[in-house]
Amino acid sequence: MPTISKFYGIDIRMYFRDNIKHNKPHIHAFYNEYIATFDLNGNIIEGKFPNGQRKLLQAWIEIHKEELKKLWDLFIQGKDGFKIEPLK
């Protein structure tokens, strides 16, 4: 599961070929002891995340939604992905 971006202590990853477990495109976010899965609309699918970091991540998702969709499609096809700019 490669890290696709990292900012303010939040590590964002996307699994290769993870459409079997979940049909909906999503990312996995890690912050200290918190782990959560977010859909590409910024909703938490599973897990918990601190409010401040959740808001930062939701803003990042909104900014990079099209890139995230392209990356998801590449990974589902078994192709190499790319990194996405962190939130600044």
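Procedures and definitions
Residues numbered from 1 in each chain as written. Predicted model: local features only at pLDDT ≥ 70, side-chain atom pairs only at ≥ 80, totals over all residues. Heavy atoms only, no water. Helix = DSSP H or I, 4+ residues; strand = E, 2+ residues; numbered from the N terminus. Rg over C-alpha atoms; globule rule 2.2 N^0.38 Å. Buried < 20%, exposed > 50% of the residue type's maximum accessible area, 1.4 Å probe, protein only. Areas by Shrake-Rupley, 256 points an atom, 1.4 Å probe, with all protein chains shown as cover. Lys, Arg positive; Asp, Glu negative; His and termini not counted. Charge placed at Lys NZ, Arg CZ, Asp CG, Glu CD. Pairing = 2+ DSSP bridges. Axes fitted to C-alpha atoms, helices over the stretch in contact; angles between N-to-C directions.

Draft legend 1. Seen up close, the overall build of the chain. Along the backbone of the chain there are two helices and five strands. Helices and strands appear in the chain in the N-to-C order β-β-β-β-β-α-α. Computed over C-alpha atoms, the radius of gyration of the chain comes to 12 Å, within 12% of the 12 Å expected from 2.2 N^0.38 for 88 residues, which places it in the range of a compact globule. Along the first, second and third principal axes, the C-alpha atoms of the chain reach 35 × 25 × 20 Å. A total of 88 residues make up the chain; the buried ones form 40% of that total. Working note: accessible area of the chain is about 5,300 Å², and carbon and sulfur atoms make up 49% of it. Across the chain, the 14 positively charged side chains and the 11 negatively charged ones have centroids separated by 2 Å.

Draft legend 2. Region of the structure containing the sheet that holds strand 3 (residues 26–31). Taken together, the five strands give an open sheet; going across it, the order is 1-2-3-4-5, and neighbouring strands pair in antiparallel fashion. Sheet topology places strand 1 (3–7) and strand 5 (44–47) at the edges, where each strand pairs with a single neighbour. Each adjacent strand pair in this sheet contributes to an overall mean axis angle of 20°, direction not counted. Pairing between strand 2 (residues 10–13) and strand 3: three bridges, direction antiparallel. Within the sheet, the bridge partner assigned to Ile12 lies in strand 3 and is Ala29.

Draft legend 3. Geometry of the pairing of strand 3. For strand 3, a buried count of six out of six residues is recorded, marking the element as mostly surrounded by other parts of the structure. With burial as the criterion, each face of strand 3 is covered, one bearing His26, His28 and Phe30 and the other bearing Ile27, Ala29 and Tyr31. Relative to strand 4 (residues 34–39), strand 3 runs antiparallel, the two being bridged by six bridges. What sits directly across from His26, in strand 4, is Asp39. Following strand 3, the chain reverses through two residues before pairing antiparallel with strand 4; Asn32 in that reversal takes a positive phi of roughly 50°.

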